[in-house]
Amino acid sequence: MSEAQPVLRLEGIVKTFPGVRALDGVDFSVFPGEVHALMGENGAGKSTLMKVLAGMYQPNEGRIIIDRKPVVMRNPIEAKQNGIILIHQELSLAEQMTVAENVFLGELPRRRWGFVDWKVLEERVGSILAKLNCDFGPRTNVGSLSIAKKQMVEIARALTHQAKVVVFDEPTASLTDAEKVVLFDIINDLKSDGVSIVYISHRMEEIFTISDRITVLRDGSYRGTLVAVDTTEDEVTQLMIGRSLDYSRNIEQGEIGDITLEVDGLSCGRLYSDVSFSVRAGEVVGFYGLVGAGRTEIAETLFGLREPTSGTIRLDGEAVSIGSPADAIANGISLVPESRKEQGLVLGMNCRDNITLPQVDDMTAGPFVSNGAEIAIYDMYRDRLDIKAPSWRSEVGNLSGGNQQKIVIGKWLAMKPRVLIVDEPTRGIDVGSKAEIHSLIRELAHSGYAVIVISSEMPEILRVSDRVIAMYQGRIMREFTADEVNEDNLVQAISGIGNGKAA
Ligand SMILES: Nc1ncnc2c1ncn2[C@@H]1O[C@H](COP(=O)(O)OP(=O)(O)OP(=O)(O)O)[C@@H](O)[C@H]1O
Ligand SMILES: [Mg+2]
């Protein structure tokens, strides 16, 4: 690779937003056929750099050089014409249009007199979808597709345009393990066709599985480029956050109190059945299992989003019926949902209001909401969660992906629930803040909350839980104490090989 010329070079890229210097003279280059990972804390500037590359933002300073020629790309279509395709962190397809229309968005193939040639279009898209083993066709409406399939549509877009560089911005955040395998196969195929990949992710295992080189950004500055086979997770973390992480078990054992939440024989159609467990005040119970094991559905039932078909839920010993999220909140149950984008935030609203809005009612003793009190609450969560935003007035929609997630977590914490359920709490969150969120979860339990953590990341479950419940296909297979649980018995239990109290 040493004698090869980079297909792409970014030189001295500066990008500012009001109050933020998002990129401060970043250099970045990509060789043909390499997978180049881009890493950095939440808000480091990764997505912004890629949006500059994809013509969505114009840099204040700096040059973009493609195949040794400086180029100016004024919009995503010009970037596409230069062989650059960006697959967004927040997928950006037109939901009401068909797959084929989305693939050619903005540049439909035309016949004479300017008519769109639908036949050609659908044939071309159809053959690419077939190549990707997609089980949907060019005429399918994008709105009806799952996230993984929408991602396939974006990939089809890249293939149709003979991309030189395809950028994936946190592509696996919402994919199942099986879908991830498909994605990695596609990336390897692209690579062997000489296409370069820029891959953004906070998941170290993925980075070390597929990337050739790793470039690290920090606070909008270039920190260095490492060769994957010659470096370690620790070295990358050091570059990203300026220190190593202490992965020692983070069990700040508080006093475990009485049972707060008790679930008995809960079932919900085919989603899960005969689920019984309890959570005490001061305790963190981790739910581990494969995607589809029923964990999220149980959380949704406890939060009033799904009606159980049988079973009882007791709070402090009393049976409750939770018909809606409002009921759940009134009973002191909060859920930090898995898909925070849809369920948690008002993007056009500022940071403070997103965190404090749900409790404005409590604070409005008279006709005025106490502005000072709200800002104080926001400040506290900003510090605890290390939220990077220019001010409480900043619109949440302008924050980086990970910082938006921290706002949602803050919002639910601010409600001071008795039972807090967090579903995949650190998805999309950088390694440093991840450790912070883990200690915050421990601390919440310590101060008397009953906490349920659902996660697909085993290290996370092992680090935060006092007890671990392993689920497989809608059933609880085993329950472990923190002393009993380890990677081996947990893997066994969630693959259905468990020998415990399998139902
Ligand atoms: N459109 C915008 N308006 C104002 N500020 C912005 C805008 N886009 C990004 N920023 C700011 O620029 C900085 C870099 O954000 P960016 O989204 O590039 O981070 P990131 O590295 O992708 O983080 P994450 O891992 O959380 O996705 C952040 O401080 C963010 O708030
Ligand atoms: Mg980002």
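Residues numbered from 1 in each chain as written. Chains lettered and ligands numbered in written order. Predicted model: local features only at pLDDT ≥ 70, side-chain atom pairs only at ≥ 80, totals over all residues. Heavy atoms only, no water.

A. Layout of the site of ligand 1. Not every one of the 20 residues close to ligand 1 is listed here, only the nearest: Gly43, Lys46, Thr48, Ser400 and Gly402. In this structure, Ser47 approaches ligand 1 through a side-chain N or O atom, which is 2.9 Å from an oxygen atom. Contact distances for ligand 1 include 2.8 Å between an oxygen atom and a side-chain N or O atom of His202. Contact with the protein chains covers 89% of the free accessible surface of ligand 1, which is 640 Å². For the shell around ligand 1, the secondary-structure elements that each account for two or more residues are strand E2 (20-30), helix H1 (46-53) and helix H15 (401-413). If you tally residues by element for the shell around ligand 1, the top one is H1, at 3 residues. A per-class count over the shell around ligand 1 returns 6 nonpolar, 11 polar and 3 charged. (Near = heavy atom within 4 Å. Polar contact = N/O pair within 3.5 Å; in protein donor to acceptor, adjacent residues only side chain to side chain. Areas by Shrake-Rupley, 256 points an atom, 1.4 Å probe, with all protein chains shown as cover. Helix = DSSP H or I, 4+ residues; strand = E, 2+ residues; numbered from the N terminus. Nonpolar A, V, L, I, M, F, W, Y, C, P; charged D, E, K, R; others polar.)

B. Focus on the nonpolar core. Core analysis: the biggest nonpolar cluster contains 63 residues, and Leu261 and Phe277 have the highest contact counts within it. Here this core spans two domains, since at least three of its residues come from each of domain 2 (246-332 + 419-503) and domain 3 (347-416). (Core = buried A, V, L, I, M, F, W, Y, C linked by side-chain atoms within 4.5 Å. Buried < 20%, exposed > 50% of the residue type's maximum accessible area, 1.4 Å probe, protein only. Domains from an automatic or database assignment.)

C. How the structure looks around the packing of helix H4 (residues 118-131) against helix H5 (residues 147-160). Look at H4 against H5: their axes get within 10 Å of each other, and the N-to-C directions meet at 115 degrees. Judged by the angle between their axes, H4 and H5 are roughly perpendicular. Our pair here, H4 against H5, has a crossing hand that is right-handed. Contacts from Arg124, Ile128 and Leu129 of H4 reach H5 at Ala156, Leu159 and Thr160. Across the contact of H4 with H5, the residue classes break down as 4 nonpolar, 1 polar and 1 charged. (Axes fitted to C-alpha atoms, helices over the stretch in contact; angles between N-to-C directions. Parallel < 35°, antiparallel > 145°, perpendicular 65-115°, else oblique. Left-handed = near helix turned anticlockwise from the far one by under 90°. Contact = heavy atoms within 4.5 Å.)

D. Local environment of the sheet that holds strand E11 (residues 259-268). Here we have 4 strands laid out as an open sheet, ordered E12-E11-E14-E15, and antiparallel in their pairing. Edge positions in the sheet fall to strand E12 (272-280) and strand E15 (318-320), since each of these pairs with one other strand and no more. Within the sheet, the average angular offset between the axes of one strand and its neighbour, ignoring direction, is 25 degrees. The pairing of E11 with E12 spans 6 bridges and is classified as antiparallel. By the bridge assignment for E12, Leu261 is matched with Val279. In the packing of helix H9 (residues 295-302) onto the sheet, contacts are made with E11, E12 and strand E14 (310-315), and the angle to E12 comes to roughly 65 degrees. (Pairing = 2+ DSSP bridges.)

E. Geometry of the domain arrangement of the protein chain. Under the domain assignment used here, the protein chain contains domain 1 (8-241), domain 2 (246-332 + 419-503) and domain 3 (347-416). Each of domain 1 and domain 2 has a C-alpha centre, and the two are 35 Å apart. Counting the surface lost from both domain 1 and domain 2, the interface buries some 870 Å², and carbon and sulfur atoms represent 55% of this. Counting every contact that joins domain 1 to domain 2 gives 2 residue pairs in polar contact (both at pLDDT 80 or more). Ranked by the residues each element gives to the side of domain 1 that touches domain 2, the list is headed by helix H8 (residues 233-241), at 3 residues. Grouping the amino acids of the side of domain 1 that touches domain 2 by side-chain chemistry returns 4 nonpolar, 6 polar and 4 charged. (Buried area = accessible area lost by both parts, 1.4 Å probe.)

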